[in-house]
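One letter stands for each residue in the lines below.
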Amino acid sequence: MKKSIIIILLYLLTNNLFAQINLVPNGDFEIYSSLPQYAAQCNLAVGWNDVNGHYYPFGGNPYGSPDYLNVFGSSFLISGLGAITPFSGNGQMGLITYYLADTTFREYISTKLAKTMKSGQSYTISFYLSNG
């Protein structure tokens, strides 16, 4: 009986040591302050922002305008380019990483990590991508 308890405790201890911690808060964009009505409203997804600090109605060249899309909100992107469904949930971000007509145009989003990353530590990142 003692051996069984010790084995269970060791399993629980080691299982907790290797638990994955998600450093990206609101990585699925499900928490929002209000639903998007226009493009360039990435700041409506709680914790996310445009690194240039330009939001609706002041997005666009040369600043970019990352777009928060939610199936319950509206945006000209959904009606103008066709519907893009989130991989899971209701929220997603839309951004341009390269634009042939203006090769200097870029859009970036950022968020503050939940914990500070440590030098020498390995991290894994994963996300889903769709060609809208």
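Please read all numbers here as calculations on a predicted model, not as lab measurements.

*Asks:* Please explain the side chain of Thr111 as it appears in this structure.
*Replies:* Here Thr111 shows up in strand S4 (residues 109–111). In this structure the side chain of Thr111 is engaged in a polar contact, spanning 2.8 Å, whose partner is the backbone oxygen of Gly47. Those residues within four positions of Thr111 in sequence are excluded, and the remaining contacts are Val24, Pro25, Gly47 and Trp48.

*Asks:* Help me out: how do you make sense of the environment of Asp28 in this one?
*Replies:* Mapped onto the secondary structure, Asp28 falls in the loop between helix H1 (2–17) and strand S1 (48–50). Residue class for Asp28 comes out partly exposed when judged on its relative accessible area of 42%.

*Asks:* Is there a simple way to explain the side chain of Asp67 in this structure?
*Replies:* Structurally, Asp67 can be placed in strand S2 (residues 67–70). Take Asp67: its relative accessible area is 7%, and that puts it in the buried class. Of note is the side chain of Asp67, whose polar atom sits 2.6 Å from the backbone nitrogen of Ala40.

*Asks:* Hey, could you run me through the packing of aromatic side chains in this one?
*Replies:* Remark: the centre distance and the inter-plane angle together describe each pair of aromatic rings, the angle taken between the planes. A complete count under the given rule lists three aromatic pairs for this structure. Geometrically, the ring pair formed by Phe87 and Tyr128 is stacked, given 3.6 Å between the ring centres and 10° between the ring planes. Taken as a pair, Phe87 in the loop between helix H2 (76–81) and strand S3 (91–94) and Tyr128 in the segment after S4 lie far apart in primary sequence, 41 residues in all. There is no split in this pair, since Phe87 and Tyr128 are both exposed.

Calculation criteria
Residues numbered from 1 in each chain as written. Predicted model: local features only at pLDDT ≥ 70, side-chain atom pairs only at ≥ 80, totals over all residues. Heavy atoms only, no water. Helix = DSSP H or I, 4+ residues; strand = E, 2+ residues; numbered from the N terminus. Polar contact = N/O pair within 3.5 Å; in protein donor to acceptor, adjacent residues only side chain to side chain. Contact = heavy atoms within 4.5 Å. Buried < 20%, exposed > 50% of the residue type's maximum accessible area, 1.4 Å probe, protein only. Phe/Tyr/Trp six-rings, centres within 6.5 Å; stacked < 30°, edge-to-face > 60°.

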